[in-house]
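Analysis of the macromolecular model
If you want the building blocks of each chain, they are given just below.
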Amino acid sequence: KKIDKQITVCYTVVTQNTKREEILMKQKELSIWLRVTCLFVGLLVLIVCTLVLPSFARELAGNNPDLSYMYAPCLVYAVLASVPIFISLAFAWQIFTDIGRDNSFCAENAKRLKNIGQMFLFEGIYIIAGAVALVIMDLGHPGIIIPMLFFALLSLGATVICSALSHLTYKAYQMKCDNDLTI
């Protein structure tokens, strides 16, 4: 009977370790996929800023010679709008790396999520300021202002989501610390 209990205990320990290794492998795979997605998004933003927007702006300036003076300022505005996106992607990359290390719920990730939320807030305010500037200069065509306001609302919504996730991540971190202390 003692041997049966020892075998059962050994089997349970091995099974639990195997399950933990499987979970870690899944987290590593998830981490890799998230980082690949992060790189893909960064590449898309870079392509839009360096190829699509300049081409679109040249076409608009060619079709509307009286607005050609807005070509450079609008390009600068668009490129500056991409800066918070790249900063957010850098924070996201760090979070995704921690997920692969089985350290999802840590104070650093809560702070990173808060920082991403702040970047989205800045982005939303920046877009709204650009829309207001266009309206003040009497260049506020609905085909430009409406998409800008849509993206501003998306940014502000992402701010709320990131803030909530930051709070939840920090609470989970505190619970994890409390559990570590009780063991």
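Remember, it's a predicted structure, so these values are computed and weren't measured experimentally.

How each quantity is defined
- Residues numbered from 1 in each chain as written.
- Predicted model: local features only at pLDDT ≥ 70, side-chain atom pairs only at ≥ 80, totals over all residues.
- Heavy atoms only, no water.
- Helix = DSSP H or I, 4+ residues; strand = E, 2+ residues; numbered from the N terminus.
- Buried < 20%, exposed > 50% of the residue type's maximum accessible area, 1.4 Å probe, protein only.
- Contact = heavy atoms within 4.5 Å.
- Areas by Shrake-Rupley, 256 points an atom, 1.4 Å probe, with all protein chains shown as cover.
- Phe/Tyr/Trp six-rings, centres within 6.5 Å; stacked < 30°, edge-to-face > 60°.
- Lys NZ or Arg CZ within 6 Å of the ring centre and 35° of its normal.
- Patch = residues over 30% accessible without salt bridge, like charges linked within 9 Å, V, L, I, M, F, W, Y side chains within 5 Å.
- Salt bridge = Lys/Arg side-chain N within 4 Å of Asp/Glu carboxyl O.
- Core = buried A, V, L, I, M, F, W, Y, C linked by side-chain atoms within 4.5 Å.

Observations concerning the overall build of the protein chain
Of the regular secondary structure elements, the protein chain holds four helices and zero strands. If you list the helices and strands of the protein chain from N to C, you get α-α-α-α. Burial statistics for the protein chain: of 183 residues in total, 27% are counted as buried. Across the protein chain, the fraction of contacts at a sequence separation of at least 24, relative to all contacts at a separation of at least 6, is 76%. Split by element, the accessible area of the protein chain, about 12700 Å² in all, is 72% carbon and sulfur.

A few points about the environment of Leu121
As for its position among the elements, Leu121 is in helix α3 (residues 107-136). On the basis of relative accessible area, Leu121 is assigned to the partly exposed category, the value being 37%. Between the alpha carbons of Leu121 and Gly157 there is a distance of 8.8 Å; along the sequence they are 36 residues apart. Non-local contacts of Leu121, meaning those with residues more than four positions away in its chain, are made with Leu156 and Thr159.

As for the packing of aromatic side chains
By the definition in use, this model includes four aromatic pairs. Each ring, one from Tyr170 and one from Tyr173, has its centre 5.9 Å from the other, and the planes form 45°; the classification is tilted. A residue pair is termed a helical-turn pair when its members lie 3 or 4 positions apart in one helix, as Tyr170 and Tyr173 do in helix α4 (residues 142-182) at three residues. Overall, Tyr173 belongs to the partly exposed group, its relative accessible area being 25%. Taken together, the aromatic side chains of Tyr77, Phe122 and Tyr126 make up a single cluster linked through ring pairs. Taking NZ or CZ as reference, Arg35 lies 5.6 Å from the ring centre of Trp93, over its face.

Digging into a nonpolar patch on the surface
A grouping of Leu43, Leu46, Ile47, Val48, Leu51, Val52 and Phe86 is seen on the molecular surface, where their side chains present a nonpolar patch of about 580 Å² in accessible area. With respect to the helices and strands, Val48 occurs in helix α1 (residues 2-63). Take Val48: its relative accessible area is 37%, and that puts it in the partly exposed class.

Digging into the nonpolar core
A general feature of soluble globular proteins is that nonpolar side chains tend to end up buried together. Within the largest apolar cluster, nine residues are counted, these being Cys38, Leu89, Ala92, Ile95, Phe96, Ile99, Leu113, Ile116 and Cys162. Listed by contribution, the elements that provide at least two residues to this core are α2 (71-100) and α3. Considering each element in turn, this core owes the most residues, five residues, to α2. Membership of the second largest hydrophobic core comes to eight residues, among which are Ile127, Leu134, Leu139 and Met148.

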